[in-house]
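These are the residues of each chain, in order.
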Amino acid sequence: MASFQRFAPAYGGGQVVSATSSSATKTITKNSLSVRVTNFDAANVAYVKVGHGSISASTADYPVRANSEIWITKGTADDTIAYYSASGASLHIITGEGF
């Protein structure tokens, strides 16, 4: 049976970004094992991808539906998050532990 750890955010490290029709990236904390993404937009889906170095997001990556949030488990070498939204969306990104 899997055990679950409640998400503990890395306070002070949150970033609000605007996802547009061109993929963009932000640097995230390497040593955190989770990243939480909240989509504040009321209508538009966004897509995210976590990795290392030069990455980009597209509709082939993880969707974040409008007015929702997701948690992604990541490796300690992952230091970049890419985000994309064809119609635009406002996202909040924060790393931490658990989900």
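Chemist: What should I look at first to understand the overall build of the protein in this one?
Modeler: Within the protein, the regular secondary structure consists of 0 helices and 9 strands. When its helices and strands are written in sequence order, the protein yields β-β-β-β-β-β-β-β-β. Expected size for 99 residues packed as a compact globule is a radius of gyration near 13 Å; at 13 Å, the protein falls within 12% of this value. For the C-alpha atoms alone, the extent of the protein along its principal axes is close to 35 × 30 × 30 Å. The buried share of the protein, reckoned over its 99 residues, is 40%. Long-range pairs, those at least 24 residues apart, make up 83% of the contacts in the protein between residues at least 6 apart in sequence. Only carbon and sulfur atoms are counted for the fraction: they give 50% of the accessible area of the protein, which is about 5,500 Å². Of the charged side chains in the protein, 7 are positive and 6 negative; the average position of the first set lies 2 Å away from that of the second.

Chemist: Is there a simple way to think about the packing of aromatic side chains in this case?
Modeler: A ring pair, where both rings are aromatic, is described by two values, the distance of the centres and the angle of the planes. Under the counting rule described, the total for this entry stands at 1 aromatic pair. Ring centres of Tyr47 and Tyr84 lie 6.3 Å apart, and the angle between their planes is 40°; on these two criteria the pair is classed as tilted. Placement of Tyr47 in strand β5 (residues 46-51) and of Tyr84 in strand β8 (residues 80-84) is noted, with a sequence separation of 37 residues between them. On the basis of relative accessible area, Tyr47 is assigned to the buried category, the value being 16%. Overall, the relative accessible area of 16% leaves Tyr84 in the buried class.

Rules used in this analysis
- Residues numbered from 1 in each chain as written.
- Predicted model: local features only at pLDDT ≥ 70, side-chain atom pairs only at ≥ 80, totals over all residues.
- Heavy atoms only, no water.
- Helix = DSSP H or I, 4+ residues; strand = E, 2+ residues; numbered from the N terminus.
- Rg over C-alpha atoms; globule rule 2.2 N^0.38 Å.
- Buried < 20%, exposed > 50% of the residue type's maximum accessible area, 1.4 Å probe, protein only.
- Contact = heavy atoms within 4.5 Å.
- Areas by Shrake-Rupley, 256 points an atom, 1.4 Å probe, with all protein chains shown as cover.
- Lys, Arg positive; Asp, Glu negative; His and termini not counted.
- Charge placed at Lys NZ, Arg CZ, Asp CG, Glu CD.
- Phe/Tyr/Trp six-rings, centres within 6.5 Å; stacked < 30°, edge-to-face > 60°.

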